[in-house]
Amino acid sequence: MPDRPTFRAPDWLLDALVLLIAAACLFWGLGGPAIRDNNEALYADIAWAMARGGSWVIPHLDGVPYIEKPPLLYWLMAATFKLFGVGAWQARLPDALAAWLICAGSIAYGRLVKAPLAGRFAALVSGTALGFVLVARTILFDPLMLLFWLAALGGVVLAIHARKRLWLRLAAAAVGLATLTKGPEALLLLGLIAVLHLLFSPGAWRRGELLRFLLDPWAIAIFILVTAPWHLAAVREQPGFAWFYFVNETIMRFLGKRIPDDYHTGPWWYYGPKLVLGFFQWTAVLALLAWRGPRLDGHDAGALCARWARNAALVLTIFFSAAGNKGAYYLLPVVPLVGWWLGVKLDVAERRGELHRLLPWLGAGAALFAVAALILWGVSHTAAVDGQFTHWGLPAAQFARLPSLFAAVALSAGLGAALWWRRKLHPGLLVFGLSAVVMSHYATELAIAKTDDTSQKNVAAALHAALPGGAELFSWQTFEDHDASLLLYGFRPLRVIDSTSSDLWFGCRHAQGRTPCVGPSALEQARSEGRAVAVWVARSRLPTWLASGLGHGLQRLDFKDSVVFIGRRTNRSSAPAPENPPALP
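The numbers attached to residues start from 1 for each chain and follow its sequence in the written order. Two thresholds apply to this predicted model, a pLDDT of at least 70 for residue-level local features and 80 or more for giving and counting side-chain atom pairs, whereas whole-chain, interface and lining totals are computed over all residues. The side-chain quantities take in all heavy atoms of the structure and omit both hydrogens and water.

K.L.:
Lay out the overall build of the chain in plain terms, naming residues and giving numbers.
P.N.:
Helix and strand assignments come from DSSP, with helices taken as H or I runs of at least 4 residues and strands as E runs of at least 2, each series counted from the N terminus. Counting its regular elements, the chain contains 25 helices and eight strands. Computed over C-alpha atoms, the radius of gyration of the chain comes to 26 Å, within 12% of the 25 Å expected from 2.2 N^0.38 for 585 residues, which places it in the range of a compact globule. With the C-alpha coordinates of the chain rotated into their principal frame, the extents come out at 90 × 65 × 45 Å. For the exposure calls, accessible area comes from a 1.4 Å probe over protein chains only, and a residue counts as buried if that area is under 20% of its type's maximum, exposed if over 50%, partly exposed in between. Put simply, the chain has 585 residues, and 55% of those count as buried. Of the contacts made within the chain by residues no fewer than 6 positions apart, 76% connect residues no fewer than 24 positions apart. None of His or the chain ends enter the tally, which takes Lys and Arg as positive and Asp and Glu as negative. A charged residue contributes its charge at one atom only: NZ of Lys, CZ of Arg, CG of Asp or CD of Glu. The centroid of the 52 positive side-chain charges in the chain is displaced by 7 Å from the centroid of its 37 negative side-chain charges. Radius of gyration here uses only the C-alpha atoms, and the compact-globule reference equals 2.2 Å multiplied by the residue count raised to the power 0.38. By definition, residues are in contact when any of their heavy atoms lie within 4.5 Å.

Right, here's the structure in full:
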C-alpha cells in the first residue's frame, strides 16, 4: 500500500540534526591523540615552519624543500596555528572542517536539485561512515581536496543539465583549488570522468557541442588564474621542481616507478576490503538499498547527478585499482559519491510512495550490523579473545570497554532497524547514525592509549626531562613513519645520520646551506665540541647502530620501540646552546 502521511520534523531540523551528528564524529576529541610519526608529523611540521616565518611558496620539511604536494593544506594549517595557537587539534582542523563542509554541501546541493532527502542521506553517510570519519580526523590532503573536487563535479553536472556556463566556471575555480591541494590528479580525474560522459552518455547533447561547451575559455582562464601563480613561482624559485612535481610525483607515482620508492602496492582487489571498512556500518544498508531501490531513469537534475555520482565512483575505483601505487584513502571520494547515488534512490522512492516496500530492507541491513555487534559482544568475554586482543596490542583499559562498545553499537543499530521496520525513515536514519559517535569516540580513546606506538610525544617529554637545556638531536637512518614527530615535540632540526628517508631525498639534494641529512662525522663533531646530544635509534636498527661504535660513552634510554642515546653538555663547552623550539602541548 502507498505510504500514509505522517507527522515528521521540518527539513531544517532534520538537516541540523544530521550536521550535529557529523560534527560530533568529526570534532569530538580531535586534539586528543598525539601527532603521529606518519604523514601527520611531516605536514604539521611544514605548516609550523610557515607559521614561524618560513617560505609560503616552497614548503620546507625539517629545514629543506619538500615539494611532493601543493601548499593549500599547509597554508590553512599555518593560518590555523596563527589564529588558535599550535597544537594537535589545530593541525587537524582544516581536514575535519572540510569533511563537515562536504556534509553541509551535500545538504545544500540536495535542496538545489530538489532532492533534499538525497542530500541529507549523503551527508549522514559521509559524516558517520567510520572509515571516512577516521581519515577526516587525520592530517592528509585528501579530505580537503575532496571538498573542492566534489564541488567541481557537482558544478559540471549542473552546467550540463542547465546548459549554463556559470556553473562550469564555478567548477573551474573549485577544481583549481583541488589542484592546489593535492596536485594535477584532481584535474585529470575530473577530466577523465567528463570525457567518458562525453563519449558514452552525452544525453541530449551532440558530442561536438558538448565538447565546445566544456572547453569554455572563461572556465579555462579561471582555472589557470587559480593554479598558475603558485606553480610558476615554485618553478622559478626551486631548481628541479618541474621534473619532481609533474613527472616524478604524478606520472611515475601512478606507474609505480617513483624515485625514490615510497609508494604502496597491492593486488587488483586491494580496494575491496578497504571500501567495506570505509563504509563500515553502512555497508549492508547501502548494498540492500542499491539492490532494492528504484531505477534512476529520469531526466531531472537529481537523477542526472545520481548517475554521474555512480559512474564517478566506478571510474575512480577502476582507475586506482589499475594504478601501481595504492593507498587506503585514495578512494575516499567513493563514500560521498555512493551516498549521493543511493540517497537519490531513497528520495525517488519517497516521492513515488514506495518507502513502505524499501524500508524493511534497510532495516534488514541495520539488523545485520546489530547482530554482528552482538556476536562480538558475546565473544569479547571469552579468554581466547582476550589473549588475541592482547597479542594485537590492545591496551587493557580499552579491552575492558569493548563489551560496552559492542553493546552500544548493537543497541543503536537495532533501534534503527526497528524504526525502519515501523516505516519511520528519518528517526531510523538518525538513531542508526549515532552508532558512529560511539565508535569514533572509542577510536579516539584507543589512539590516545597507543601514543607510544604511533608518536614520539612521550619520548620527547623524557628527553626534555633528561636534557633540560636542549640537545642536538640525531636519528639513526630513519625519519618518516618512525620519529618525525620529534620535530613537533620540541627538537628541531632533526638530523638524520646516513639517511634512508624518501621524504627528505629531494630536499637534501637541493638544500641551500645546512641539511638534515648528515654523516657520522656530524655527531662526532657535536660531541667533540661538548654539546648535549641525543640519538634516536629504532629497535629494528639497533644492531647496525651498535656496530658503528658511535654510541660509545653515551647513556642509554630504553623506550617501547626505540632506544635513545644521550650525552650531556660538558662544562668546558663553549658551543652555543641549541635553539629547540617549544614543544606542542
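Still more ground to cover, so stick around.
K.L.:
Any details on the packing of aromatic side chains? Residues and values, ideally.
P.N.:
Here a Phe, Tyr or Trp ring, Trp counted by its six-membered ring, pairs with any other such ring whose centre lies within 6.5 Å, and the pair is stacked when the planes are under 30 degrees apart, edge-to-face when over 60, and tilted otherwise. Counted by the stated rule, this structure contains 27 aromatic pairs. A ring pair is formed by Trp 205 and Phe 213, whose centres lie 4.9 Å apart and whose planes are at 45°; its orientation type is tilted. In this structure, Trp 205 and Phe 213 share a single accessibility class: buried. Taking 4.9 Å as the distance between ring centres and 80° as the angle between the ring planes, the aromatic pair formed by Trp 282 and Phe 432 counts as edge-to-face. Of this pair, Trp 282 sits in the loop between α13 (271-279) and α14 (283-292) while Phe 432 sits in helix α20 (residues 425-449); the two residues are 150 residues apart in sequence, bridging distant segments of the chain. In this pair, the class of Trp 282 matches that of Phe 432, namely buried. Counted as over-ring charges are cases with an Arg CZ or a Lys NZ within 6 Å of the ring centre that also lie within 35 degrees of the ring normal. Its guanidinium or amino end placed over the ring of Trp 205, Arg 163 lies 3.9 Å from that ring's centre, counting from NZ or CZ. Above the ring of Tyr 270, the side-chain terminus of Lys 274 is found at 4.2 Å from the ring centroid.

K.L.:
Just give me the short version of the side chain of Asp 483, but keep the residues and values in it.
P.N.:
Of note, Asp 483 is situated in the loop between β3 (472-476) and β4 (494-497). Each reported salt bridge corresponds to a side-chain nitrogen of Lys or Arg within 4 Å of a carboxyl oxygen of Asp or Glu. The buried charged residue Asp 483 lacks any salt bridge partner; its closest oppositely charged side chain belongs to Arg 541, at an N-O distance of 9.0 Å. Of the polar contacts made by the side chain of Asp 483, one reaches the side chain of Ser 475; its length is 2.4 Å. Apart from the residues within four sequence positions on either side, Asp 483 is in contact with Asp 37, Gln 456, Ser 475, Thr 478, Leu 494 and Trp 536. For the purposes of these results, a polar contact is taken to be a pair of N or O atoms within 3.5 Å, where, inside protein, one atom must be able to donate a hydrogen and its partner to accept one; residues adjacent in sequence count only when each atom of the pair is a side-chain atom.

K.L.:
Can you tell me about the packing of α14 against helix α17 (residues 355-379), naming the residues and giving the values?
P.N.:
The relative placement of two packed helices comes down to the angle between their axes together with the axis-to-axis distance. Geometry is summarised by axes, namely lines fitted to C-alpha atoms with helices restricted to the contacting stretch, and by angles between N-to-C directions that run from 0 to 180 degrees. With their axes 8 Å apart at the nearest point, α14 and α17 run at an angle of 155° to one another. The angle between α14 and α17 falls in the class roughly antiparallel. Of the two possible hands of crossing, α14 and α17 adopt the one that is right-handed. For the pair α14 and α17, the contacting residues are Ala 284, Val 285, Leu 288, Leu 289, Trp 291 and Arg 292 in the first and Leu 358, Trp 361, Leu 362, Ala 364, Gly 365, Ala 366 and Leu 368 in the second. Here the contact of α14 with α17 is built from residues that sort into 11 nonpolar, one polar and one charged. Angle categories: roughly parallel below 35 degrees, roughly antiparallel above 145, roughly perpendicular from 65 to 115, and oblique for all the rest. Two helices crossing with the near one rotated counterclockwise from the far one by less than a right angle form a left-handed crossing, whereas a clockwise rotation gives a right-handed crossing. When residues are grouped by polarity, Ala, Val, Leu, Ile, Met, Phe, Trp, Tyr, Cys and Pro land in nonpolar, Asp, Glu, Lys and Arg in charged, and all others, Gly among them, in polar.

K.L.:
Residues and numbers for the sheet that holds strand β8 (residues 562-567), please.
P.N.:
Any two strands between which DSSP finds at least two bridges are classified as paired. The six strands lie next to each other as β5-β4-β3-β6-β8-β7, forming an open sheet whose pairing is mixed. Each edge of the open sheet carries a strand with a single partner, namely β5 (517-518) and β7 (555-558). When strand β6 (residues 533-538) meets β8, the two strands line up antiparallel, connected through six bridges. Looking at β8, one finds that Ala 534 is bridged to Ile 566. Contacts from helix α24 (residues 520-528) reach β3, β4, β5 and β6 within the one sheet, and its direction differs from that of β6 by about 145°.

K.L.:
With reference to specific residues and values, describe the state of the cysteines.
P.N.:
Only a pair of cysteine sulfur atoms within 2.5 Å qualifies as a disulfide here. Applying the stated rule across the entire model yields one disulfide. Take Cys 305: it sits in no disulfide, and the sulfur closest to it among the cysteines is that of Cys 103, at 18 Å.

K.L.:
A description of the pattern of salt bridges should follow, citing residues and the corresponding values.
P.N.:
Evaluation of the coordinates by the stated rule reveals 28 salt bridges. In this structure, Arg 36 and Glu 40 form a salt bridge, with 2.9 Å as the shortest nitrogen-oxygen distance. As far as burial versus exposure is concerned, Arg 36 and Glu 40 are alike and both buried. A salt bridge links Glu 40 to Arg 92; the nearest nitrogen and oxygen atoms lie 2.8 Å apart. One end of the pair, Glu 40, is in helix α2 (residues 39-51); the other, Arg 92, is in helix α4 (residues 88-112), and 52 residues separate them in sequence.

K.L.:
An account of empty space enclosed by the protein is needed here, citing residue identities and associated values.
P.N.:
In this analysis the probe radius is 1.4 Å and the grid spacing 1 Å, with only protein atoms considered; a cavity is a set of points the probe fits into but cannot get out of, a pocket is an open set with protein on both sides within 12 Å along at least five of seven lines, and lining residues have an atom within 4 Å of a point. Grid points are joined across faces, edges and corners, and a volume is the space filled by probe spheres set on the points. Taken as a whole, this structure holds two cavities of 30 Å³ or more when the rule is applied. There is about 90 Å³ of room inside the largest cavity. Lining the largest cavity are Asp 142, Met 145, Trp 149, Lys 182, Glu 185, Leu 189, Leu 316, Phe 320, Tyr 330, Leu 332 and Pro 333. Broken down by element, the lining of the largest cavity gets its largest block of residues, three residues, from helix α7 (residues 142-162). Along the lines of polarity and charge, the residues of the lining of the largest cavity split into eight nonpolar, no polar and three charged. Estimated volume of the second largest cavity: approximately 30 Å³.

K.L.:
I'd like a rundown of the nonpolar core, residues and numbers included.
P.N.:
The nonpolar core is taken to be a set of buried Ala, Val, Leu, Ile, Met, Phe, Trp, Tyr and Cys residues, with the residues joined through side-chain atoms within 4.5 Å. Within the largest apolar cluster, 183 residues are counted, with the highest numbers of intra-cluster contacts made by Trp 149, Trp 282, Trp 340 and Trp 420. With 14 residues, α7 is the single largest residue contributor to this core. One finds Phe 474, Val 518, Leu 523 and Trp 545 within the second-largest nonpolar core, a separate group that totals 16 residues.

K.L.:
Please provide a residue-by-residue account of the environment of Leu 20, values included.
P.N.:
Tracing the backbone through its elements, the reader meets Leu 20 in helix α1 (residues 11-27). Once the C-alpha coordinates of Leu 20 and Leu 124 are considered, the two residues, 104 residues apart in sequence, prove to be 9.9 Å apart.

K.L.:
An account of unusual backbone geometry is needed here, citing residue identities and associated values.
P.N.:
That bond from Ile 259 to Pro 260 is cis: its omega, -10°, falls within 30 degrees of zero. At Arg 163, a residue that is not glycine, the phi angle is positive and equals roughly 55°. Along the polypeptide, Arg 163 turns up in the loop between α7 and α8 (165-182). Phi angles above zero are rare outside glycine, and Asp 481 is one such case at about 70°. Looking at where Asp 481 falls in the secondary structure, it is placed in the loop between β3 and β4. Since its relative accessible area comes to 54%, Asp 481 is described here as exposed.

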